[in-house]
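# Analysis of the macromolecular model
Here is what each chain is made of, one letter per residue.
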Amino acid sequence: MAFITPDLTTAAIALSGLTIVSLVALRGWRDWIQLKREELAAGHAPLAQDPAVPHAGSRIEIADLKERLRKLEAIAAGVDL
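What comes next is a walk through the structure. Computed from a predicted structure; not experimentally measured.

### Some words on the overall build of the chain
Tallying secondary structure elements over the chain gives two helices and zero strands in all. Across the 81 residues in the chain, those meeting the buried criterion constitute 1%. Element-wise, carbon and sulfur atoms account for 67% of the exposed surface of the chain, whose accessible area totals about 7,600 Å².

### What to know about the pattern of salt bridges
Summed over all chains, the structure comprises four salt bridges. In this structure, Arg68 engages Asp64 in a salt bridge whose closest nitrogen and oxygen atoms are separated by 3.4 Å. Pair noted here: Arg68 and Asp64 are both in helix 2 (residues 56–77), with a separation of four residues, about one helical turn. Classification of Asp64 as partly exposed rests on a relative accessible area of 37%. A salt bridge links Glu67 to Arg70; its shortest N-O distance comes to 2.6 Å. Pair noted here: Glu67 and Arg70 are both in helix 2, with a separation of three residues, about one helical turn. Using a relative accessible area of 42% as the deciding quantity, one classes Arg70 as partly exposed.

### Let's talk about helix 1 (residues 6–42)
For helix 1, spanning 37 residues, the distance from its first C-alpha to its last is 54 Å, which sits close to the expected 54 Å at 1.5 Å a residue. Following helix 1 by one or two positions, Gly43 has its phi on the positive side, about 85°.

### Thoughts on helix 2
Because the α-helix completes a turn every 3.6 residues, residues three or four places apart line up on one side. Over its 22 residues, helix 2 runs 32 Å from end to end, which matches the ideal 32 Å to within 8%, given 1.5 Å per residue. In the segment just after helix 2, Gly78 is the residue with positive phi, at about 80°.

### Structural notes on a nonpolar patch on the surface
Taken together, the side chains of Leu23, Leu26, Trp29, Trp32 and Leu35 present a nonpolar region at the surface, about 520 Å² in accessible area. Secondary-structure assignment places Leu35 in helix 1. The partly exposed category is assigned to Leu35, whose relative accessible area is 41%.

Analysis parameters
Residues numbered from 1 in each chain as written. Predicted model: local features only at pLDDT ≥ 70, side-chain atom pairs only at ≥ 80, totals over all residues. Heavy atoms only, no water. Helix = DSSP H or I, 4+ residues; strand = E, 2+ residues; numbered from the N terminus. Buried < 20%, exposed > 50% of the residue type's maximum accessible area, 1.4 Å probe, protein only. Areas by Shrake-Rupley, 256 points an atom, 1.4 Å probe, with all protein chains shown as cover. Salt bridge = Lys/Arg side-chain N within 4 Å of Asp/Glu carboxyl O. Expected span 1.5 Å × (residues − 1). Patch = residues over 30% accessible without salt bridge, like charges linked within 9 Å, V, L, I, M, F, W, Y side chains within 5 Å.

Here you go:
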C-alpha cells in the first residue's frame, strides 16, 4: 500500500494552486490584450487628456528651461554654482 507523505500532499496542493492562479492571470492578460486591440481598431484613445493639464513631457521641458535660465542668470551675475 502506497503511503502519501504530508510533504507530498502539501507540494501537490501548492502546485495545483499555482497552476490555477497562473491560468486565471493568463486569461486576464489575454482578455486585456483583446480589449486594447478592440480599442485600437475602433479608433478610441484609452483616456482623453484634460486640455487644462499640461503633458508630463512639456512640464519636464519647462522645468529644464527654468533651471537653464537660473544658471545663465547666475553666470551673468558672476556667481559660481
